[in-house]
Amino acid sequence: MAFPKNFLWGGAIAAHQTEGAYLEDGKGRSTCDVLHGGKGRLTEIFDPQAIRSNIKAPRGYFPEHIAIDFYHRFREDLALFAEMGFKTLRTSISWARIFPNGDDAQPNEKGLAFYDALFDECLKHGIEPLVTLSHWEMPIHLTRKYNGWVSRDIIPLFVNYAKTVFARYKNKVMYWLTFNEINMTLHIPFLGSGMIVDDPAQKESMCYTACHNQLVASALTVRACHKMLPNAKIGSMVTSMTAYPYTCKPEDNWEKLELEFANYCLTDVQARGAYPSWMKHFFVSRKINVGINARDEKILRENTVDFVSFGYYASSAVSSDPVIRSQKTTGNVFGGVQNPYLKSSEWGWQIDPIGLRVALNFLWDRYQKPLFIVENGLGARDMPDINGEIHDDYRIEYLREHIRMAKAAVEEDGVELLGFTSWGCIDLISASTGEMSKRYGFIYVDRNDEGGGTLRRWRKKSFYWYRDVIASNGEQL
Ligand code: BG6
């Protein structure tokens, strides 16, 4: 048997991409509640003035307002996850449900009660909750008042939020993650850190500052978790970028190394307890002062994570040649050119199962901490047939090959892997485009890109396939 007996098979979702009920039961508006749908919404379609001016009733369609209505339908959805045999469900807590403004003196009891009900329902089905404290959203009030994570004032607010949920769910949640894809804050500052960048010249310095503040908050959260929940485990989360040099030209290989430096520098801090030395030089050479002090360094050093989790969807290639560099793939938020040896998804993400095995070995070698694949999957357009059935063999094929490589990494390479949660195990709102039509799920949700549809759920072909994968502990692929 390749995968250990207690391997945590399951699925992953996030609060804002599923829950909806965006103002229900005392929840405050969060940053993702002001995002319209559409490609490029994370970087372009975004009106800073409207966000700052506190528009109460914005016009237009906001996909996250209803999302897939998980808030009201989670029992039905959990029953389906249980039918597939899930051992774990990764989801996030919406900070704005617990502290509607982020800096409130008291938490919102109804928000806390919602997650009580959700985690109880998980446990009833024998599903271990794996909870992300911050998955690309925060109370919008914190953007308006502090401009998000660029301000150190957010650190104690976040730690207070984390301690509140640790105290409340200490008997229910044993696996925690601090920040989703912390490295993405360097690329999509509003989603990653609730920060509005007015002057592009300031972007780099603001992004690194926001990241530093998140790193300190993450370490303080790890400390609180270890103290308050000695039996729990808390991890970091990064977007894994397996990158290949476009050619064997040394300059191309150097590009690859630089991309890895930049991509993993924050996880380096979370897992090893200090910034890598190249970063100190980088900050000096770029005249970036993120405000590191001796106390921060001590906190970072003493509070490293228990495991390293990551999301992996695609690999990329990097080149030092400006002409080749200009052929950027549409799927890449950052870096990367088209790799001629790989096929891409409809959204331009380059499909590369071996890249997952590379990522697992790379991360295991770099950190020597248990790993957890908390996101992997194929975003595709599903077309129900005349009977409404979805034969998503392309999704099965994608997942089969990726799980096969995860298995090889465990069995043949000796990587310690805690679990695998497939992203978007039920169709949900796409983070990058706000679309519903970019579907990842084993469960179809009847909702379209304009907000129409009955929200009814039904099983796709991949549902039965994944159920068998779990039942055989990854032997039957
Ligand atoms: C990850 C995020 O980067 O990618 C998820 O953590 C996101 O929130 C997922 O949904 C897939 O990206 P997209 O843009 O297809 O939803």
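About the thresholds
- Residues numbered from 1 in each chain as written.
- Predicted model: local features only at pLDDT ≥ 70, side-chain atom pairs only at ≥ 80, totals over all residues.
- Heavy atoms only, no water.
- Helix = DSSP H or I, 4+ residues; strand = E, 2+ residues; numbered from the N terminus.
- Rg over C-alpha atoms; globule rule 2.2 N^0.38 Å.
- Areas by Shrake-Rupley, 256 points an atom, 1.4 Å probe, with all protein chains shown as cover.
- Lys, Arg positive; Asp, Glu negative; His and termini not counted.
- Charge placed at Lys NZ, Arg CZ, Asp CG, Glu CD.
- Buried < 20%, exposed > 50% of the residue type's maximum accessible area, 1.4 Å probe, protein only.
- Pairing = 2+ DSSP bridges.
- Expected span 1.5 Å × (residues − 1).
- Bend = angle between axes of the 7 residues up to and from the residue.
- Arc of directions from axis to C-beta.
- Contact = heavy atoms within 4.5 Å.
- Salt bridge = Lys/Arg side-chain N within 4 Å of Asp/Glu carboxyl O.
- Patch = residues over 30% accessible without salt bridge, like charges linked within 9 Å, V, L, I, M, F, W, Y side chains within 5 Å.

To continue, consider the overall build of the protein. Check the secondary structure of the protein and you find 16 helices and 12 strands. Here the C-alpha radius of gyration of the protein, 21 Å, is about what a compact globule of 477 residues would show, namely 23 Å. Each principal axis of the C-alpha distribution contributes one length, and for the protein these read about 60 × 55 × 45 Å. Carbon and sulfur atoms provide 52% of the accessible area of the protein, an area that totals close to 18300 Å². Taken together, the 55 basic and 57 acidic charged side chains of the protein have centroids lying 4 Å from each other.

As a further point, take the pairing of strand 7 (residues 307–311). The buried fraction of strand 7 amounts to 5 of the 5 residues, a majority that puts the element mostly inside the structure. Residues Phe307, Ser309 and Gly311 of strand 7 are buried on one face, and the alternating residues Val308 and Phe310, pointing to the opposite face, are buried as well. One ladder, built from 4 bridges, connects strand 7 with strand 9 (residues 371–375); its direction is parallel. Bridging from a neighbouring strand, Phe310 pairs with Ile373 of strand 9.

Attention shifts here to helix 10 (residues 250–272). In a regular helix each residue adds 1.5 Å, so 23 residues correspond to 33 Å; helix 10 covers only 29 Å between its end C-alpha atoms and thus falls short of that length. Considering bend angle alone, the principal kink of helix 10 is centred on Tyr264 and spans about 50 degrees. Burial in helix 10 covers these residues: Asp252, Leu259, Glu260, Asn263, Tyr264, Cys265, Leu266, Thr267, Asp268, Val269, Gln270 and Ala271. Positive phi shows up at Gly273, right after helix 10, with a value of about 90 degrees.

With 15 residues, helix 14 (residues 353–367) should reach 21 Å at 1.5 Å per residue; the first-to-last C-alpha distance of 22 Å fits that figure. When helix 14 is considered as a whole, its buried residues turn out to be Pro353, Gly355, Leu356, Ala359, Leu360, Leu363, Trp364 and Tyr367. Viewed along the axis of helix 14, the buried residues span an arc of 165 degrees, placing them on a single side of the element. What points out from helix 14, more than 90 degrees from its buried face, is the exposed set Ile354 and Asp365. Close packing links the buried residues of helix 14 with strand 6 (242–245), helix 10, strand 7, strand 9, helix 15 (393–411) and strand 10 (417–423). Count one or two residues on from helix 14 and you reach Gln368, which has phi positive near 55 degrees.

The next point concerns the pattern of salt bridges. Where side chains of opposite charge bring their charged atoms close, a pairing between them can arise. Per the stated rule, a full pass over the model turns up 33 salt bridges. Residue Glu109 is joined to Arg168 by a salt bridge in which the shortest nitrogen-to-oxygen separation is 2.9 Å. In this pair, Glu109 is assigned in helix 5 (residues 109–124) and Arg168 in helix 7 (residues 154–168), connecting sequence segments 59 residues apart. Under the relative-accessibility criterion, Arg168 is labelled partly exposed at 29%. Salt-bridge contacts for Asp268 lead to Arg366; the nearest nitrogen and oxygen are separated by 3.0 Å. Here Arg366 lies in helix 14 and Asp268 lies in helix 10, a separation of 98 residues in the sequence. Residue class for Arg366 comes out partly exposed when judged on its relative accessible area of 21%. Connected via shared salt-bridge partners are Asp382, Asp392, Arg395, Asp427, Arg439 and Lys460.

Turning next to a positive patch on the surface. The grouping of Lys163, Arg223, Lys227 and Arg295 at the surface amounts to a positive patch. By secondary structure assignment, the location of Arg295 is in helix 12 (residues 294–302). Assessed through its relative accessible area of 56%, Arg295 is described here as exposed.

A word on unusual backbone geometry. Although it is not a glycine, Lys287 adopts a positive phi angle of roughly 55 degrees. For Lys287, the location among the structural elements is in the loop between helix 11 (277–285) and helix 12. Positive phi outside glycine occurs at Gln368, with the angle close to 55 degrees. Relative to the helices and strands, Gln368 resides in the loop between helix 14 and strand 9. Judged by its relative accessible area of 51%, Gln368 is exposed.

Limitation: the analysis is restricted to geometry and does not speak to function.
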